[in-house]
There are 2 protein chains.
Amino acid sequence: MSERPAPPILGELRQKRPFASKAEEAVVTLFRTTDVIRRAGEAVVAPHGISAQQYNVLRILRGAGRKGLQTLEIAERLVERAPGITRLVDALEKKKLVERERCVEDRRVVWCRITKAGLALLATLDAPVTAHAERTMRKLSAADLNKLTAILDDIRIASA
Amino acid sequence: MSERPAPPILGELRQKRPFASKAEEAVVTLFRTTDVIRRAGEAVVAPHGISAQQYNVLRILRGAGRKGLQTLEIAERLVERAPGITRLVDALEKKKLVERERCVEDRRVVWCRITKAGLALLATLDAPVTAHAERTMRKLSAADLNKLTAILDDIRIASA
DNA sequence: CGATAATACTTGACATATCAACTAATGTGC
DNA sequence: GCACATTAGTTGATATGTCAAGTATTATCG
């Protein structure tokens, strides 16, 4: 008789009942783990007056370079989807981290660009953000880190 | 020269630049994957008039049995933390899925219990929710499923 | 060319999330 | 038993998320 140890997540959530399946256990564990990491990540950027989503927008716009990106293109590239992209960019514009310009050739389009101030803010955040990721994953071997990413990719491919 | 293939997440987010580190790639992949799964999960429960968080509260209260749980105890057991537990339970009470009662012995405490209607709702959701988890993880081998959970547990332990 | 459709946002309404005060009740030390 | 801290929860202010509907502009088809 092999007594399997109870999943750690059960104790963490003070649950006694086992999960209906391994799949459910994995999903709950995934949610929980991501929540923990996200909160820690928000704590990194929040003192600088922006949310994690706003940080993501800034990074996307930095990557886009001079020309910038159309509003809805930003939305498509967000790690975590946000239907309220207009107001997300509104907030960044109010903070002067992003600027917008109506396109002349196609007046439906609005081009968004990161400002100097936005780039400066990102520059100060690069190291802390990378450090946070390293800290989060520090206990994993290189093999496990690759394995984790590969498994997550498999999950997304299957759900497409 | 081994040409490594670009990480799938890069194409998905239309990014050209590689990540600063494997750790950052893993974190972004984790966020993205969880976002995809969460949205699909919300689509399962939303038609029944509740959010994923509210569903989580109901499951916690079902697990707690007759006596119910004190308000803040629910908050501690949530998979994804919610500081606004009062209003979360408010919403469920308004829908008659949960009932509350001020404790007589310690009048600071409020006991929360799931109602018959709450149990009935959960009963109809059990199968679809389990199905969603199975569907999400269907492409993973049993070994990979265990590996995923184990790696995620390691991450949380390290960040404690 | 003119009607219709499609695109690219924007806005309004409402649900949630977050944080910091605040209230009420209980526990603790002197 | 009284001041003070602690606990349990609530409330207010503000930000963010979400969906549906609306506006302006461009594309398409007969």
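Scoring rules and cut-offs
- Residues numbered from 1 in each chain as written.
- Chains lettered and ligands numbered in written order.
- Predicted model: local features only at pLDDT ≥ 70, side-chain atom pairs only at ≥ 80, totals over all residues.
- Heavy atoms only, no water.
- Core = buried A, V, L, I, M, F, W, Y, C linked by side-chain atoms within 4.5 Å.
- Buried < 20%, exposed > 50% of the residue type's maximum accessible area, 1.4 Å probe, protein only.
- Contact = heavy atoms within 4.5 Å.
- Near = heavy atom within 4 Å.
- Polar contact = N/O pair within 3.5 Å; in protein donor to acceptor, adjacent residues only side chain to side chain.
- Disulfide = S-S within 2.5 Å.
- Least-squares fit on C-alpha atoms with pLDDT ≥ 70 in both.
- Pairing = 2+ DSSP bridges.
- Helix = DSSP H or I, 4+ residues; strand = E, 2+ residues; numbered from the N terminus.
- Axes fitted to C-alpha atoms, helices over the stretch in contact; angles between N-to-C directions.
- Parallel < 35°, antiparallel > 145°, perpendicular 65-115°, else oblique.
- Nonpolar A, V, L, I, M, F, W, Y, C, P; charged D, E, K, R; others polar.
- Buried area = accessible area lost by both parts, 1.4 Å probe.
- Salt bridge = Lys/Arg side-chain N within 4 Å of Asp/Glu carboxyl O.

Engineer: Please clarify how the nonpolar core should be interpreted in this entry.
Structural biologist: One finds M137(A), L148(A), I155(A), M137(B), L148(B) and I155(B) to be the most contacted residues of the largest nonpolar core, which totals 40 residues. Beyond its immediate stretch of four places on either side in the chain, L148(A) contacts M137(A), L140(A), A26(B), L148(B), I151(B), L152(B) and I155(B).

Engineer: Can you help me understand the protein's contact with DNA strand C in this one?
Structural biologist: Residues in contact with DNA strand C amount to 19 residues; listed here are only the nearest, T71(A), R87(A), R108(A), V110(A) and D106(B). The protein-proximal atoms of DNA strand C, defined as those within 4 Å of the protein, are 67% sugar or phosphate. Separating a phosphate oxygen of DNA strand C from a backbone N or O atom of L72(A) is a distance of 3.4 Å. In the model, a sugar or linking oxygen of DNA strand C is placed 3.5 Å from a nitrogen or oxygen of the R108(B) side chain.

Engineer: Any chance you could explain the state of the cysteines here in plain terms?
Structural biologist: A disulfide bridge is the covalent bond that connects two cysteines by way of their sulfur atoms. All names here are of chain B. Scanning all chains against the criterion turns up 0 disulfides over all chains. Looking at the unpaired C103, the closest cysteine sulfur is the one in C112, lying at 12 Å. A relative accessible area of 0% places C112 in the buried class.

Engineer: How should the relation of the copies chain A and chain B be read in this particular structure?
Structural biologist: Superposition of the two copies of the chain requires a rotation about an axis and a shift along the axis. For these two chains of identical sequence, chain A goes onto chain B by a turn of 180 degrees and a shift of 0.0 Å along the axis, with RMSD 0.0 Å. On this basis, the relationship between the two copies can be described by a two-fold rotation axis. Among all residues of chain A, the one whose C-alpha sits closest to the rotation axis is L148(A), at a distance of 3.2 Å. Of the residues that chain A buries at the interface, 100% are likewise interface residues in chain B, meaning the two copies contact each other through the same surface.

Engineer: Explain the protein's contact with DNA strand D here, please?
Structural biologist: In the region of DNA strand D, 19 residues are neighbours, and R107(A), R108(A), L72(B), T86(B) and R87(B) sit closest. Those atoms of DNA strand D that come within 4 Å of the protein belong to sugar or phosphate at a rate of 70%. Contact distances for DNA strand D include 3.2 Å between a base oxygen and a side-chain N or O atom of R87(A). One of the side-chain nitrogen or oxygen atoms of T86(B) is found 2.9 Å away from a phosphate oxygen of DNA strand D.

Engineer: In this structure, what is going on with the sheet that holds strand β3 (residues 110–114) of chain B? I would like to understand it.
Structural biologist: Consider a sheet: its strands pair through backbone hydrogen bonds, and that pairing is either parallel or antiparallel. All names here are of chain B. Taken in spatial order, the 3 strands of this open sheet run β1-β3-β2, and their pairing is antiparallel. Of all strands in the sheet, those with a lone pairing partner are β1 (69–70) and β2 (98–102), marking the two edges. Across the sheet, helix α3 (residues 52–64) touches β1, β2 and β3, and the angle it forms with β3 is around 95 degrees.

Engineer: Please explain the packing of helix α6 (residues 116–137) of chain A against helix α2 (residues 22–45) of chain B as it appears in this structure.
Structural biologist: Where α6(A) contacts α2(B), the axes come no closer than 8 Å and their chain directions differ by 85 degrees. As summarised for this structure, α6(A) and α2(B) are arranged roughly perpendicular, according to the angle between their axes. In this structure, α6(A) uses V129(A), T130(A), A133(A), E134(A) and M137(A) to contact α2(B), whose residues at the interface are A23(B), E24(B), A26(B), V27(B) and L30(B). Residue composition of the contact of α6(A) with α2(B), grouped by class: 7 nonpolar, 1 polar and 2 charged.

Engineer: What is the right way to read the interface of chain A and chain B from this model?
Structural biologist: One frequently used descriptor of interface size is the decrease in accessible area upon assembly of the parts. Opposite the 58 residues of chain A that make contact, chain B presents 58 residues. Together chain A and chain B conceal approximately 5,900 Å² of surface at their shared face, both sides included; 62% is due to carbon and sulfur atoms. Broken down residue by residue, the surface that chain A buries against chain B is led by F31(A), V79(A) and R156(A), which jointly contribute 11%. Our count for the chain A to chain B interface comes out at 8 salt bridges. Among the ionic pairs, D144(B) bridges to K147(A), the shortest N-O distance being 2.9 Å. On the surface where chain A and chain B come into contact, there are 31 residue pairs in polar contact (both at pLDDT 80 or more). Of all the secondary structure elements, the ones that give two or more residues to the side of chain A that touches chain B are α1 (8–12), α2 (22–45), α3 (52–64), α4 (71–77), α6 and α7 (142–158) of chain A. In terms of residue class, the side of chain A that touches chain B is made up of 24 nonpolar, 10 polar and 24 charged.

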